Amino acid sequence: RRRPCRTACPALASHPGAGPPASPGHEASPARAGRAAAPAGTVSRLVEPPRRRLTAFWRYLIEALRGAAPDVGARSLPVLLAPGTDVMTDVLPHLLNELTAGERDLVLVLDDYHAVTNAQIHQGLAYLIDHAPTRVQVTLCTRADPPLPLARLRARGELLELRVRDLRFGADEVDAFLNGHLKLG
């Protein structure tokens with residue numbers, strides 16, 4: 001479908017956070033559509049992170065970013081894996097410095113974010129989104145609004161949301177699909 005992609009893709013270039021909640025049964029996430037047609041030069045990573053364990057989540061996230069930008073994680077990952085590390089004060093500053101030093105546009109796609117239950121993960125991700133350089137965008141695929149500061153992101157114009165209503169076919173699209181593609185009419 002082109003309509004949601006036309007809506008989302010130009011906006012992805014200027015929105016550091018995009019959160020498309022989807023109802024059960026609507027697994028064909030608009031974030032995946034946005035990722036498929038992301039702006040040229042953008043590196044996308046689709047990840048389904050661990051949901052409860054703080055260190056596992058951040059290790060997974062850093063490794064996903066590292067797959068697209070190898071310099072990311074050079075300092076933050078060893079700090080994360082050291083005993084007694086606090087993610088907010090010890091790891092995230094290094095990760096943000098690494099992202100700022102990078103030269104590539106990145107879109108980090110976190111799939112099934114509604115299943116993340118650890119409040120510290122939500123707090124850390126909110127911090128990451130608030131402080132990430134503009135060339136780093138976070139896209140959440142979720143079935144419910146995540147416990148992140150969405151109102152603040154909306155107020156700043158930094159949040160793009162695609163809801164189920166945005167993904168519904170219009171009458172002209174149904175007609176084109178049934179009669180044009182399937183030759184039923």
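Residues numbered from 1 in each chain as written. Predicted model: local features only at pLDDT ≥ 70, side-chain atom pairs only at ≥ 80, totals over all residues. Heavy atoms only, no water.

## Considering the overall build of the chain
Per the secondary structure count, the chain includes nine helices and five strands. Reading the chain from its N terminus to its C terminus gives the helix and strand order α-β-α-β-α-α-α-β-α-β-α-β-α-α. For the chain, with 185 residues in total, the buried portion stands at 45%. Within the structure as shown, the chain displays about 9,600 Å² of accessible surface, and the carbon and sulfur contribution to it stands at 53%. (Helix = DSSP H or I, 4+ residues; strand = E, 2+ residues; numbered from the N terminus. Buried < 20%, exposed > 50% of the residue type's maximum accessible area, 1.4 Å probe, protein only. Areas by Shrake-Rupley, 256 points an atom, 1.4 Å probe, with all protein chains shown as cover.)

## Remarks on the pattern of salt bridges
What the rule picks out here adds up to six salt bridges. In this structure, the salt-bridge partner of R156 is D130, at a minimum N-O distance of 3.5 Å. Of this pair, R156 sits in the loop between α7 (150-155) and β5 (159-160) while D130 sits in helix α6 (residues 119-131), placing them 26 residues apart in sequence. On the accessibility criterion, R156 (41% relative accessible area) is partly exposed. Ionic pairing is found between R156 and E158, a salt bridge with its closest N-O pair at 3.3 Å. Residues joined by salt bridges that share partners form a network here, namely D130, R152, R156 and E158. (Salt bridge = Lys/Arg side-chain N within 4 Å of Asp/Glu carboxyl O.)

## Notes on the packing of helix α3 (residues 54-68) against α6
Two elements in contact, α3 and α6, have axes separated by 9 Å at closest approach and are oriented at 35°. For the pair α3 and α6, the sense of crossing is right-handed. In this structure, α3 uses L54, F57, W58 and L61 to contact α6, whose residues at the interface are Q120, I121, G124, L125 and L128. Here the residues of the contact of α3 with α6 are counted per class, giving seven nonpolar, two polar and no charged. (Axes fitted to C-alpha atoms, helices over the stretch in contact; angles between N-to-C directions. Left-handed = near helix turned anticlockwise from the far one by under 90°. Contact = heavy atoms within 4.5 Å. Nonpolar A, V, L, I, M, F, W, Y, C, P; charged D, E, K, R; others polar.)

## Quick notes on the confidence of the model for the chain
Per-residue pLDDT for the chain averages 80, and the proportion of residues at 70 or more is 71%. In the model of the chain, helix α2 (residues 30-36) stands out as the element of lowest mean pLDDT, 37, in contrast to helix α5 (residues 87-101), which has the highest, 98. Confidence drops under pLDDT 50 across residues 9-38; counting only partners more than four residues distant or on other chains, this segment forms 70 contacts. (pLDDT = per-residue confidence, 0-100.)

## Some thoughts on a nonpolar patch on the surface
On the surface, F169, V174, F177, L178, L182 and L184 cluster together to form a nonpolar patch covering roughly 530 Å² of accessible area. Counting through the fold element by element, L178 comes out in helix α9 (residues 171-181). (Patch = residues over 30% accessible without salt bridge, like charges linked within 9 Å, V, L, I, M, F, W, Y side chains within 5 Å.)

## Notes on α3
Spanning 15 residues, α3 covers 22 Å between terminal C-alpha atoms, matching the ideal 21 Å at 1.5 Å per step. Considered for burial, the residues of α3 that qualify are L54, A56, F57, W58, L61, I62, A64, L65 and A68. (Expected span 1.5 Å × (residues − 1).)

## Considering the packing of α3 against α5
Two numbers describe a pair of packed helices, the interaxial angle and the distance between the axes. The interhelical angle for the contact between α3 and α5, taken along N-to-C directions, is 5°, at an axis separation of 12 Å. The orientation of α3 relative to α5 falls into the category roughly parallel. Between α3, through L54, W58, L61, I62 and L65, and α5, the contact on the second element is made entirely by V87, V91, L92, L95 and L99. For the contact of α3 with α5, a count of residues per class yields ten nonpolar, no polar and no charged. (Parallel < 35°, antiparallel > 145°, perpendicular 65-115°, else oblique.)

## As for unusual backbone geometry
Positioned with a positive phi, D112 is a non-glycine residue whose angle comes to about 55°. Among the secondary structure elements, D112 is positioned in the loop between β3 (105-110) and α6. Using a relative accessible area of 18% as the deciding quantity, one classes D112 as buried.

## Describing the pairing of strand β4 (residues 136-140)
Most of β4 is tucked away: five of the five residues are buried. Taking every second residue as pointing to the same face, both faces of β4 are buried, with V136, V138 and L140 on one and Q137 and T139 on the other. The pairing of β3 with β4 spans five bridges and is parallel. Across the sheet, L106 pairs through a bridge with V136, a residue of β4. (Pairing = 2+ DSSP bridges.)

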